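Summary of structural features
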Amino acid sequence: MWNFFKKRSSESDWTKAAGQKSETSAFHRLHVKEVRRETEDCVSVLLDVPEEQQTDFHFIQGQYLTFKKTIGGEEVRRSYSLCSSPLDGELRVAIKEVKGGRFSTFANRELQAGDELESMTPRGSFHVPLGTEAGSQYVAFASGSGITPVMSILRTTLKQEPDCHFHLFYGNRNSQSVIFREMLDDLKNEFMGRLEVHHILSREDQGSDLLKGRLDGEKCMAFGKTFFDPSGIRAYFLCGPGEMIENIQGALQNMGVAKERIHYELFSAPSAKKPASEKKEKQLDKKLKAQVTVILDSDETHFEMSGNRKTVLDAALDAGADVPFACKGAVCCTCRAKVLEGTADMEMNYALEDEEVEEGYILTCQALPTSEKVVISYDE
Ligand code: FES
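Read on for an overview of the structure. (Residues numbered from 1 in each chain as written. Predicted model: local features only at pLDDT ≥ 70, side-chain atom pairs only at ≥ 80, totals over all residues. Heavy atoms only, no water.)

1. Points about empty space enclosed by the protein
For the structure shown, the criterion picks out two cavities of 30 Å³ or more. The volume enclosed by the largest cavity comes to roughly 110 Å³. What lines the largest cavity is a set of 14 residues, and nearest its centre among them are Ser125, Tyr264, Glu265, Cys333 and Ala351. In terms of residues, the lining of the largest cavity owes the most to one element, strand β12 (residues 262-268), which gives three residues. Of the residues in the lining of the largest cavity, the class split is nine nonpolar, two polar and three charged. Taken domain by domain, the lining of the largest cavity gets at least three of its residues from each of domain 1 (4-21 + 278-377) and domain 3 (137-268). (1 Å grid on protein atoms, 1.4 Å probe; cavity = no way out; pocket = protein on both sides within 12 Å on 5 of 7 lines; lining within 4 Å. Points joined across faces, edges and corners; volume = space filled by probe spheres on them. Helix = DSSP H or I, 4+ residues; strand = E, 2+ residues; numbered from the N terminus. Nonpolar A, V, L, I, M, F, W, Y, C, P; charged D, E, K, R; others polar. Domains from an automatic or database assignment.)

2. A word on the sheet that holds strand β2 (residues 28-39)
Strands belonging to one sheet form pairs held by backbone hydrogen bonds; the direction of such a pair is parallel or antiparallel. On the basis of which strands lie adjacent, the open sheet formed by six strands has the order β5-β4-β7-β2-β3-β6 and antiparallel pairing. On the outer flanks of this sheet lie β5 (74-81) and β6 (91-96), each paired with one strand and no other. On average, each strand axis in the sheet is tilted by 40° relative to the strand beside it, whichever way the strands run. Pairing of strand β3 (residues 42-48) with β6, which is carried by six bridges, proceeds in the antiparallel orientation. (Pairing = 2+ DSSP bridges. Axes fitted to C-alpha atoms, helices over the stretch in contact; angles between N-to-C directions.)

3. Quick look at helix α6 (residues 242-254)
For α6, which comprises 13 residues, the first-to-last C-alpha distance of 18 Å matches the rise-based estimate of 18 Å (1.5 Å per residue) to within 8%. Those residues of α6 that sit buried are Gly242, Met244, Ile245, Ile248, Gln249, Ala251 and Leu252. (Expected span 1.5 Å × (residues − 1). Buried < 20%, exposed > 50% of the residue type's maximum accessible area, 1.4 Å probe, protein only.)

4. What to know about the environment of Phe303
Looking at the element boundaries, Phe303 is found in strand β14 (residues 299-306). Taking relative accessible area as the criterion, Phe303 reaches 2% and is therefore assigned buried. Taking the C-alpha atoms as reference, Phe303 lies 6.8 Å from Ala319; in sequence the two are 16 residues apart.

5. Quick look at the environment of Arg336
Inspection of the secondary structure puts Arg336 in strand β15 (residues 336-341). A C-alpha to C-alpha distance of 9.8 Å links Arg336 and Leu313, two positions 23 residues apart in sequence. For Arg336, the contacting residues outside a window of four places in its chain are Leu352, Glu356, Tyr361, Ile362, Tyr378 and Glu380. (Contact = heavy atoms within 4.5 Å.)

6. Quick look at helix α5 (residues 217-226)
Among the residues of α5, those classed as buried are Gly217, Lys219, Cys220, Phe223 and Gly224. Axial view of α5: buried residues confined to an arc of 155°, hence all on one face. Away from its buried face, by an angle of more than 90 degrees, α5 presents the exposed residues Glu218, Lys225 and Thr226. Looking at the packing, one finds that the buried side of α5 touches β8 (137-143), β9 (165-172), β10 (195-201) and α6. (Arc of directions from axis to C-beta.)

7. Quick notes on the packing of aromatic side chains
For any pair of aromatic rings, the description consists of the separation of the ring centres together with the inter-plane angle of the planes. Under the defined criterion, the tally for this structure stands at 14 aromatic pairs. Measuring from centroid to centroid gives 6.5 Å for Phe166 and Phe237, while their planes differ by 25°, and the two rings are stacked. With Phe166 in strand β9 and Phe237 in strand β11 (residues 235-241), this residue pair connects regions lying 71 residues apart in the sequence. Here Phe166 and Phe237 have matching classes, each one buried. One aromatic cluster in this structure is built from Phe141, Phe169, Phe223, Phe227, Phe228 and Tyr236. Seen from the ring of Phe325, Lys328 lies directly overhead, with NZ or CZ sitting 5.0 Å from the centre. (Phe/Tyr/Trp six-rings, centres within 6.5 Å; stacked < 30°, edge-to-face > 60°. Lys NZ or Arg CZ within 6 Å of the ring centre and 35° of its normal.)

8. Remarks on the packing of α5 against α6
Helix packing geometry: the angle between the two helix axes and the distance between the axes. The N-to-C vectors of α5 and α6 enclose an angle of 40°; their axes lie 8 Å apart at closest approach. Here α5 lies oblique to α6, going by the angle between them. As α5 packs across α6, the resulting crossing turns out to be right-handed. Across the interface between the two elements, Gly217, Cys220 and Met221 from α5 touch Asn247, Ile248, Ala251 and Leu252 from α6. For the contact of α5 with α6, the class distribution of residues is five nonpolar, two polar and no charged. (Parallel < 35°, antiparallel > 145°, perpendicular 65-115°, else oblique. Left-handed = near helix turned anticlockwise from the far one by under 90°.)

9. A few points about unusual backbone geometry
Unusually for a residue other than glycine, Ser298 sits at a positive phi of about 70°. Considering the arrangement of structural elements, one finds Ser298 in the loop between β13 (289-296) and β14. At Lys328, a position not held by glycine, the phi torsion is positive, near 55°. Inspection of the secondary structure assignment puts Lys328 in the loop between α7 (312-318) and β15. Residue classification places Lys328 among the partly exposed residues on the basis of a relative accessible area of 39%.

10. Thoughts on the pairing of β10
Burial analysis of β10 places six of its seven residues in the buried class, which makes it a mostly covered element. The pairing of β9 with β10 spans seven bridges and is parallel. Its bridge partner being in β10, Phe166 is matched across the sheet by Leu195. Remark: the β9/helix α4 (residues 181-190)/β10 crossover connection has right-handed handedness. (Right-handed = clockwise from strand over helix to strand, strands pointing away.)

That is the geometry; function is a separate question.
Structure (structure tokens):
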């Protein structure tokens, strides 16, 4: 049973606080300036941002763009990390072709300079503030196309913190599948002695057992004994498939690294479902009827949810709110919003940090109301 209506912000106290932010869920038409082949199955795509949209597309290292494209008559939304640094003056993403991936296949085989893509403005929290501590040490673990946001983080951090030191552990099948190999070599030369790149190859012998195989928890423990002091690292950045991240995160914590120092970005959800919190173990009240208000770009949409059959995101879309989303699988974070009143529980969460959850943020594609009245804002 669905009842919904919309009203403008001026009618509500909630939306007065939202201020003059640019539209949260809007897609902007951007022209493709260049499609550059990086490896056999990966391209990087440079986007042209018109003068009047430059401010909207300012980004922080490690952020991503969400694209929308109709392919084969069906709307497809996908998020891809920016590989450029905000200091480069370029907006460039890398897209690796995945088997059966509609957008990635299109981008690798059909997309050309001059084409148009619809993109949301940059978002994501895979970064730490820079310039706050002298002589910081950083470590990144990336697998395959997980190098994309790490590339942006590396370039920015090395430039912005002239006395920092960075270790990159980068896992691939063989040297041909290493994305940005030359660029990494150039960076090593440019930041001589401050950037160490360790390639870990699963199907190629580099003459070292340590550097052969898969990037996992065991390797991470060995690297922590050989290449860096785990307790002296300001931030760890992990990017790749869910299993790799879980493994390495576990290994780092076993070595005494505080969870707050480990930042990660998943490219796919792990095979095992991970509840968003221990709270989730409790049964949700199936009889609960919740009056939900969703705020987006200072507009309110009101609707009723009952039976916990749909998520807040799907219910909001059904109610006509143009709320942002991409993966609908708890990974990309595009659907992030803040609970301003009432409560909601998430089914899974691979994208929000613990502090964000404590502050009231939820992934609306995973959220079900647990109180009779819930107010959720995408503007926060
Ligand atoms: S849409 Fe990707 S996390 Fe919700």
